[in-house]
Amino acid sequence: MLPLRISAITATSAMGVGLAATRQALQARAGGLTRCDLPGMPEGIWIGRVREAEAIEPPAPLAAFACRNTRLAELALRQDGFADAVADAAARHGADRIAVVLGTSTSGIEETEQAWSRRGADGALPPYDFARTHDLHALPRYVRARLGLKGPCVSISTACTSGARAFLDAAMLIAAGLADAAVVGGADTLCRLTLHGFGSLELLAKGPTRPCAEDRDGISIGEAAAFALLERAGPGDQGALGLLGAGASSDGHHMSSPHPEGHGAVAAMRAALDSAGIGPGAIDYVNMHGTGTRTNDAMEDRAIARIFGDAVPCSSTKGWTGHTLGASGALEAAIAAICVEDGLVPGCLGIAQPDPSFAARIAVANAAAPVARVLSNSFGFGGSNCALVIGRLP
Amino acid sequence: MSLAVGIAGIGLLGPGLMGWAPSAAVLAGAVPYEPAPLTPPAPTLLPATERRRTGPSVRLALAVATEAVQDSGLPPEELDTVFASSNGEGHVITSILQALHTPDGAISPTQFHNSVHNAAAGYWGIAVGSARPSVSLGGHDGVLGTGLLHAAAQAVVARRPVLFVAHDVPLPAPLDALRPTAASFALALVLVPEGGTHGRITLAQEDSAAEASDLPDGLAALHDANPVARALPLLAVLAGGRGGTVRLPMLEDTRLAVAVAA
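Residues numbered from 1 in each chain as written. Chains lettered and ligands numbered in written order. Predicted model: local features only at pLDDT ≥ 70, side-chain atom pairs only at ≥ 80, totals over all residues.

Going by the annotation in an unreviewed UniProt entry, the name recorded for chain B is Beta-ketoacyl synthase chain length factor, with Neoroseomonas oryzicola given as the source organism.

As a reminder, the rule being used: UniProt positions are given in the numbering used here, feature names are shortened, and annotations may be inferred rather than shown by experiment.
An unreviewed UniProt entry annotates chain A as Beta-ketoacyl-ACP synthase originating from Neoroseomonas oryzicola. UniProt's Sequence similarities (unreviewed entry) comment on chain A is quoted here verbatim: "Belongs to the thiolase-like superfamily. Beta-ketoacyl-ACP synthases family."

Encoded structure:
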């Protein structure tokens, strides 16, 4: 693919509101997971909750969009001068030439969950704006209206690859000539459906998740919103931050278990490298999907080792944020951007050494190193796989 | 900015519209439309265990996808796919919401993994053994236009055929009161960058809302009853064989113009 400049990027998760706080937490190895204190959730788990978002309200003309997911998206849009950068891009390209392509797995379903507990004697739900909260399109519609954009509006929901797919699909729309720039990313928020769902699969960790640990015991669920502004790279952009490649695949194997040998993961990583026109040796760090479950991390280790052997440091940053589901690909693209800018390889949090059965080079401590290109993995239910290459533009 | 793609295969299911070939005369206005109850067929492509786990939304999607791919003659496992649905797996989500509000609050792990919006895409990949990339989109009332433009763009950029599947079934109570969908409807198109045995279409996004469509009475009601049935004006032009331009809804301020070559 033609490389795209990442003109602006921002992330809000349990590890920090905005990029500066995220960077500080990453450098200081200060995770954001806490004991779950939300009502009606599975017992004894830890979550990545963004309390700061809970008091945020959307601007009055967009009040109908108010729900937990919109509040988190709104908080994220206020960080890092993101809205200003989009306004500048709109002035350059025209508002109708900027697409909004955003991923979410559950959108504002938490609004429906709240309404459900207030149902009348006849079972009817109290009135609320379903289309602007629960519906998947609510997220890109809100962001598009909030930023005054008029281009294509796309909601992507491919489970836990949604946020990464948004980058890939926006690059495709730009390549097709349907837009000159795109606001991409994702937002997903804590809700009962997701936490009890992973609970029913017995995949929730008892304490903070510890991806790649020998005694890892599962996922901590988090919430996050992360956005990036993608534009065609120009001659003066050499060395600037960019989306260099993106690849996807399907497992065609099982709805919730990855292929044990990671065929789909390998295919997505290879497609991302091919799309960037580079070989495995050009990658300096792999940000793993690394959810902390027994099977995902083992599968991903085998898949990475098939391509990289033990030559490239790898880690999951979900120990800081929890698994933020449909936002995770976008959140981890922002983390990749920090790693490139700071020359940082973050080690998995909360583990002294990696699972000794793993073949890839798992980092467990932060290390300073030149990082020109990061490969970022996302895998999801339904056998969905996506990998991005984030790095300095050639 | 416009994009042109060919249509190499069509699959269709709606009340009284049991497949593309049997429906073409109705859509062309040569035979009166007669609504009939629609039960999405069990997907025979899937192993029995997986088949039992599929609900109406997935079954509808797999049925039209199968028809369109057979029509195209292309190998199903080699097609990139774009799935689009506004209500998605609303049946599964509703039963999870019900279970969450019972005293023990226990939900089924199978239901949870079936609740993802890309469930239909996942089952299609399992059914045909495909490792090709797949994306699943929402889009509320603009889901058909948004998905069609996305799939066409992908066919043009990747220079590969793309299987586009749009499917929606009504939400169960109590969500149906907030999001009324009165009928089930699904459409699949195999879009190709060059050629196209069913003709070629040119797509362009325009800055205004879509106007009311001109359809026979029964079909006009169906058009309004399901967001994917917003495809009916396009299908009528395709069936008529004389070409023309239709406009499909996307957002309050945006529509998709689709020109069908004569």
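Further notes follow.
1. Structural notes on the overall build of chain B
So the rule is basically this: Per the convention used, a helix needs a DSSP run of H or I reaching at least four residues, while a strand needs a run of E reaching at least two, with both numbered from the N terminus. Radius of gyration means the value over C-alpha atoms here, while the globule rule gives 2.2 Å times the residue count to the 0.38 power. Two residues qualify as a contact pair if the distance between their C-beta atoms, derived from the backbone, is within 7 Å.
Regarding its fold elements, chain B presents 9 helices and 9 strands. Taken over the C-alpha trace, chain B has a radius of gyration of 18 Å; the compact-globule value for 262 residues is 18 Å, and the two agree within 12%. Expressed as lengths along the three principal axes of its C-alpha atoms, the size of chain B is roughly 60 × 40 × 35 Å. Contacts spanning at least 24 positions in sequence make up 72% of the contacts within chain B whose residues lie at least 6 apart.

2. Describing the overall build of chain A
Our working definition: Put simply, a residue is buried when 20 or more other C-beta atoms lie within 10 Å of its own C-beta and exposed when 12 or fewer do; between those, it is partly exposed, and each C-beta is set from the backbone.
Of regular secondary structure, chain A possesses 11 helices and 17 strands. Computed over its C-alpha atoms, the radius of gyration of chain A comes to 19 Å, within 12% of the 21 Å expected for a compact globule of 394 residues. Expressed along its principal axes, the backbone C-alpha trace of chain A runs to roughly 60 × 50 × 40 Å. For chain A, buried positions account for 68% of its 394 residues. For chain A, the share of sequence-separated contacts (at least 6 apart) that also reach a separation of at least 24 residues comes to 79%.

3. Brief notes about the interface of chain B and chain A
As a reminder of what qualifies: Each residue receives one of three labels: charged for Asp, Glu, Lys and Arg, nonpolar for Ala, Val, Leu, Ile, Met, Phe, Trp, Tyr, Cys and Pro, and polar for the others, Gly being one of them.
At the interface, 49 residues of chain B touch 53 residues of chain A. The set of elements that each furnish at least two residues to the side of chain B that touches chain A consists of helix H4 (90–100), helix H5 (109–114), helix H6 (119–128), strand E4 (134–137) and helix H7 (143–158) of chain B. When residues of the side of chain B that touches chain A are assigned to their parent elements, the largest contribution, 7 residues, is made by H7 of chain B. Of the residues in the side of chain B that touches chain A, the class split is 25 nonpolar, 20 polar and 4 charged.

4. Examining the UniProt feature "domain: Beta-ketoacyl synthase-like N-terminal" (unreviewed entry) in chain B
The UniProt record marks residues 33–213 of chain B with the feature "domain: Beta-ketoacyl synthase-like N-terminal" (unreviewed entry), using the residue numbering of this structure. Helix makes up 36% of residues 33–213 of chain B and strand 17%, whereas the separation of the span's terminal C-alpha atoms amounts to 16 Å.

5. Structural notes on the packing of helix H6 (residues 162–175) of chain A against helix H11 (residues 328–342) of chain A
Residue and element names in this part refer to chain A. Rules: Angles run from 0 to 180 degrees between N-to-C directions of axes, and those axes are lines fitted to C-alpha atoms, restricted for helices to the stretch in contact. Should an angle lie under 35 degrees it is considered roughly parallel, over 145 roughly antiparallel, and from 65 to 115 roughly perpendicular; all remaining angles are considered oblique.
It is at 4 Å that the axes of H6 and H11 come closest, and there the two elements cross at 70 degrees. In terms of axis orientation, H6 runs roughly perpendicular to H11. Across the interface between the two elements, Ser 162, Gly 163, Ala 164, Arg 165, Ala 166 and Phe 167 from H6 touch Ser 328, Gly 329, Ala 330, Leu 331 and Ala 333 from H11. Taken together, the residues that form the contact of H6 with H11 break down as 6 nonpolar, 4 polar and 1 charged.

6. Topic: helix H3 (residues 82–93) of chain A
We count it as follows: Expected helix span is computed as 1.5 Å times (number of residues minus one).
If you check H3 of chain A, its first and last C-alpha atoms are 16 Å apart, about what 12 residues at 1.5 Å a residue would give, namely 16 Å. Turning to H3 of chain A, the residues buried within the fold contact strand E1 (4–13), helix H2 (68–77), strand E5 (98–103), strand E7 (181–188) and strand E9 (224–232) of chain A.

7. Quick notes on the pairing of strand E16 (residues 373–380) of chain A
All names here are of chain A. Note the following rule: What makes two strands pair is DSSP finding at least two bridges between them.
Of all 8 residues making up E16, 8 are buried, and the element is well covered by its neighbours. Burial along E16 is two-sided: the residues Arg 373, Leu 375, Asn 377 and Phe 379 and Val 374, Ser 376, Ser 378 and Gly 380 are all buried. Relative to E16, strand E11 (residues 285–287) is paired through 3 bridges, and the arrangement is parallel. Its bridge partner lying in E16, Asn 287 is registered against Ser 376. Two successive antiparallel strands, E16 and strand E17 (residues 384–392), enclose a turn made up of 3 residues, where Gly 382 displays a positive phi of approximately 80 degrees.

8. Quick look at the UniProt feature "domain: Ketosynthase family 3 (KS3)" (unreviewed entry) in chain A
What UniProt calls "domain: Ketosynthase family 3 (KS3)" (unreviewed entry) maps, in this numbering, to residues 1–392 of chain A. Taken as a whole, residues 1–392 of chain A contains 31% helix and 22% strand, while its terminal C-alpha atoms sit 15 Å from one another.

9. Here's the deal with the sheet that holds strand E3 (residues 34–35) of chain A
Residues and elements named next belong to chain A. If you walk across this open sheet you meet the 3 strands as E3-E4-E8, and the pairing is mixed. Whereas interior strands pair on both sides, the edge strands pair on one side only; in this sheet they are E3 and strand E8 (221–222). Two elements, strand E4 (residues 46–48) and E8, share 2 bridges in a ladder whose sense is parallel. Residue Gly 48 lies in a different strand from E8, and its bridge partner there is Gly 222.

10. Re unusual backbone geometry
Residue Ala 173 of chain B is joined to Pro 174 of chain B through a cis peptide bond whose omega torsion reads 0 degrees. For Arg 29 of chain A, which is not a glycine, the phi torsion comes out positive at approximately 55 degrees. Inspection of the secondary structure puts Arg 29 of chain A in the loop between helix H1 (19–28) and E3. Accessibility expressed as a C-beta count within 10 Å gives 14 for Arg 29 of chain A, which makes it partly exposed. Positive phi outside glycine occurs at Ser 107 of chain A, with the angle close to 45 degrees. The topology assignment puts Ser 107 of chain A in the loop between E5 and helix H4 (109–116).

11. Quick look at the packing of H1 of chain A against H11 of chain A
All names here are of chain A. Here is the rule we go by: In this scheme the crossing of two helices becomes right-handed for a clockwise turn of the near helix relative to the far one and left-handed for an anticlockwise turn of less than a right angle.
Interaxial distance between H1 and H11 falls to 11 Å at its minimum, and their mutual angle equals 70 degrees. When the interaxial angle is binned, H1 and H11 end up roughly perpendicular. In the crossing of H1 with H11, the sense of the turn from one axis to the other is right-handed. Judged by residue contacts, Leu 19, Thr 22, Arg 23 and Leu 26 of H1 engage Ala 334, Ile 335, Ile 338 and Asp 342 from H11. Among the residues making up the contact of H1 with H11, the classes are represented as 5 nonpolar, 1 polar and 2 charged.

12. Considering the nonpolar core
Heads up, the condition is: To count as a nonpolar core, a set of buried Ala, Val, Leu, Ile, Met, Phe, Trp, Tyr and Cys residues must be joined through C-beta atoms within 7 Å.
In terms of nonpolar packing, the biggest core is built from 238 residues, with Ala 182 and Leu 230 of chain A together with Val 64 of chain B touching the most fellow members. Other than its neighbours up to four places away in sequence, Ala 182 of chain A contacts Ile 98, Ala 99, Val 101, Ala 170, Leu 173, Ile 174 and Leu 230 of chain A.

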